[in-house]
Amino acid sequence: MAAARNELRNLSAQIDNLFDLGKREAGAVLLEKALIDAADDRAYQLFFSAEAAGYLERDRRKQRECLLAACRLEGDDPFIVRNVGVFFLLNDAERKAIRFFDRALALDASDFEAARYKGLAFSNLGREKKGMEWYARAIAMNPLDHDAMRQTGVSLSKMGKDREAIEWYRKALHVNDSDYDSMRQLAVSLAMIGRYDAAVEWLNLALAVNPDDFESKRNLRLVLKKMSGEGETILSRLLNYLGRKLAIAWRWLVNQW
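Calculation criteria
As a convention, each chain's residues are numbered from 1 in the sequence order in which they are written. Reporting in this predicted model follows two pLDDT cut-offs: at least 70 for local features of residues, and 80 or more for side-chain atom pairs to be given and counted; totals over whole chains, interfaces and linings ignore these cut-offs and use all residues. Calculation of side-chain values draws on the structure's entire complement of heavy atoms; hydrogens and water are dropped beforehand. Secondary structure follows DSSP: runs of H or I at least 4 residues long count as helices, runs of E at least 2 residues long count as strands, and numbering of each begins at the N terminus. We call two residues in contact whenever any of their non-hydrogen atoms come within 4.5 Å of each other. Salt bridge, as applied in this entry: a Lys or Arg side-chain nitrogen positioned within 4 Å of an Asp or Glu carboxyl oxygen. Accessibility here uses a 1.4 Å probe with only protein chains present; expressed as a share of the type maximum, an area under 20% marks a residue as buried, one over 50% as exposed, and anything in between as partly exposed.

Attention shifts here to the side chain of Asn-219. Here Asn-219 is to be found in helix H13 (residues 214-228). Every residue in contact with Asn-219, bar those within four places of it in the chain, is listed here: Arg-184, Val-188 and Leu-203.

Okay, structure coming up:
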């Protein structure tokens, strides 16, 4: 059973990657295979039914029901427990998500993904310092966790430390040179310090990896608009500057707790 479940977990990672890159048809084919392969494992069949509900049917209620049913069957499986937490994280229920990540870590203290997701939950709550603590734990568990490296950069950027953030994005890309999320975030931080040409290059690289990445497209438009000066006035520049400073100040206050 353990070996079979490891294969199913690997299938899950492949499915997530395909849908993340916008390759829905290939993802759907692999998801169908996973459902067949999990036919004799009720908990994992429920898990993949939840994946189908989320990716193909856009039915969050069904997705939640399937995940919770899988967790009731296999409440001592850290993979299942962690993925219930991911569902709540993606649906803006961070505190509930944290409880499931804690459960997953209690079952498997080396679950670096649960540690990273717990960091992301804290980041979503504005607790960037706490989030970075958990990213550091994830990297200590798995020094190749480029997602935790990237998220460290995101937290630093939110705190106004874009030059430090850039170094973390570069670390993530050193581990995974096709990580388009790191390319995009690197571009955002480069734009924040006025390096617009370099930002455009990285955004184009991100779109070469994932042409459907909405955030890269949006940021590319913003950077090009900034470079052209279109619609920009002294007042708008001042308001943007003050807005970012206020956001950074607010995050600084939140992170003193």
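After that view of the structure, there is still more to cover.
All right, on to the pattern of salt bridges then. Tallied over the entire structure, the rule returns 18 salt bridges. Between Arg-116 and Asp-147 there is a salt bridge whose closest N-O contact spans 3.8 Å. One end of the pair, Arg-116, is in helix H7 (residues 112-124); the other, Asp-147, is in helix H9 (residues 146-158), with 31 residues separating them in the sequence. Under the relative-accessibility criterion, Arg-116 is labelled buried at 8%. Residue Glu-128 is joined to Lys-158 by a salt bridge in which the shortest nitrogen-to-oxygen separation is 3.8 Å. Remark: Lys-158 occurs in helix H9 and Glu-128 occurs in helix H8 (residues 128-141); sequence separation between them is 30 residues. The class for Glu-128 is buried, based on a relative accessible area of 0%. Classification of Lys-158 by relative accessible area gives partly exposed; the value is 27%. By sharing partners, the salt bridges in this structure join Arg-5, Arg-9, Asp-41, Glu-74 and Asp-77 into a single network.

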